[in-house]
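Letter by letter, the chains look like this.
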Amino acid sequence: MSTATLNKPESLDQPPLHAGEADGRIGLRANLRHTGALIRRNLLWIKKDPESMFDALLMPVVFTLLFVYVFGGSIGKAMGGGQDAYVQYVIPGMLAMMSMSIAQAVGTGFNEDFHKGIMDRFRSLPIGRGSVLFAKISVEIMRQLVAIAVLMLVAVLVGFDIESWPGLFAAVGLSVLFGSAVMWIFLVLGVTLKSPQSVQALGFLVMMPLQFGSSIFTPTQNMPGWLQNFTEYNPMSGLADAARGLMTTGHPVAHGLWVTLAWTVGLTVVMAPYAIYKFAKKS
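Residues numbered from 1 in each chain as written. Predicted model: local features only at pLDDT ≥ 70, side-chain atom pairs only at ≥ 80, totals over all residues. Heavy atoms only, no water.

Caption draft 1: Spotlight on the environment of Met 183. Along the chain, Met 183 falls in helix 7 (residues 165-192). We classify Met 183 as buried; its relative accessible area is 0%. Ignoring sequence-local partners within four residues, the contact set of Met 183 consists of Ala 103, Val 106, Ile 137, Glu 140, Ile 141 and Gln 144. (Helix = DSSP H or I, 4+ residues; strand = E, 2+ residues; numbered from the N terminus. Buried < 20%, exposed > 50% of the residue type's maximum accessible area, 1.4 Å probe, protein only. Contact = heavy atoms within 4.5 Å.)

Here it is as structure tokens:
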């Protein structure tokens, strides 16, 4: 047997490790390359399984039509207007709702990857552990943008008047920032809980009080005093109020904006390192 044969790699299909990867030290450029490859993998999976986009495509349609045509008349009348006034009120709130509802999917999908053995494959590869998480969040942000685009299309069809286009883009950016911060919470749940059903159930228990105990669907003036105190610093109220102030006139922006940004920074600083730590420990 020749020396060349002895030095031949065992598999030609396995790419050679780059400098810095063979000994476990993965640099920034390698992490970015791995993240890009995993984003492509996740997008190809969505292409193969288009049903995974149903929540992003249908949820904005169903909830917008439900709240506008079922509750819009009565709530709008109680607000001193009518259904048209309620459309102007609830659509920015729906933007806040999308940020959290879409974020939940990252936890269930992440947990499913563990059960399907996909994480075992990642464990055997010389890739940065954080790149797996960042790729998941990047793809979920894309799904969130799709959901927002569908929401705004339906909103215009039901009569929503966009009074400030720059404000609309600012509200979308704020929603994406907050949604990405919330995703770190669901990634932690996806790593620590035993099943996708557990992630979904616990996420539901967290989301419902935050969404309905807020100013997303109705003004908070007639709520009990203790609940008003809760909604004042509820991040969902902050995001909804900030979106209203940015997209329409007559609504304050400052309080909702700083509440949303404070929660966004706090959740990211605390939960992102913890999620990476838990994932690295488990994988």
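Picking up where we left off.
Caption draft 2: Seen up close, the packing of aromatic side chains. Using the criterion set out here, one finds 12 aromatic pairs in the structure. Connected via pairs of aromatic rings, a cluster forms that spans Phe 63, Phe 67, Phe 71, Phe 212 and Phe 217. Between the NZ or CZ atom of Arg 244 and the centre of the ring of Tyr 89, over which it lies, the distance is 3.6 Å. (Phe/Tyr/Trp six-rings, centres within 6.5 Å; stacked < 30°, edge-to-face > 60°. Lys NZ or Arg CZ within 6 Å of the ring centre and 35° of its normal.)

Caption draft 3: Helix 7, seen in detail. If you check helix 7, its first and last C-alpha atoms are 41 Å apart, about what 28 residues at 1.5 Å a residue would give, namely 40 Å. In terms of burial, helix 7 is a largely internal element, 20 of the 28 residues being buried. Sitting at the head of helix 7, Ser 164 places a side-chain oxygen 3.0 Å from the backbone nitrogen of Gly 167. (Expected span 1.5 Å × (residues − 1). Polar contact = N/O pair within 3.5 Å; in protein donor to acceptor, adjacent residues only side chain to side chain.)

Caption draft 4: Summary view of a nonpolar patch on the surface. On the surface, Phe 54, Leu 57, Leu 58 and Val 62 cluster together into a nonpolar patch covering about 370 Å² of accessible area. Take Leu 58: it is sitting in helix 3 (residues 54-78). A residue is classified by how much of its surface remains accessible, and Leu 58, at 47% relative accessible area, is partly exposed. (Patch = residues over 30% accessible without salt bridge, like charges linked within 9 Å, V, L, I, M, F, W, Y side chains within 5 Å. Areas by Shrake-Rupley, 256 points an atom, 1.4 Å probe, with all protein chains shown as cover. Salt bridge = Lys/Arg side-chain N within 4 Å of Asp/Glu carboxyl O.)

Caption draft 5: A look at the pattern of salt bridges. Counted by the stated rule, this structure contains 3 salt bridges. Of the charged contacts in the structure, one is a salt bridge between Arg 143 and Glu 140, with a shortest N-O distance of 2.9 Å. Highlighted residues: Arg 143 and Glu 140, both in helix 6 (residues 129-157), separated by 3 residues, approximately one helical turn. Assigned by exposure class, Arg 143 and Glu 140 land together as buried. A salt bridge links Asp 241 to Arg 244; the nearest nitrogen and oxygen atoms lie 3.0 Å apart. With a gap of 3 residues between them, Asp 241 and Arg 244 both fall in helix 10 (residues 235-247), about one helical turn apart. Using a relative accessible area of 29% as the deciding quantity, one classes Asp 241 as partly exposed. The exposure class assigned to Arg 244 is buried, which follows from its relative accessible area of 1%. A single network of salt bridges, built from pairs that share partners, joins Asp 55, Glu 140 and Arg 143.

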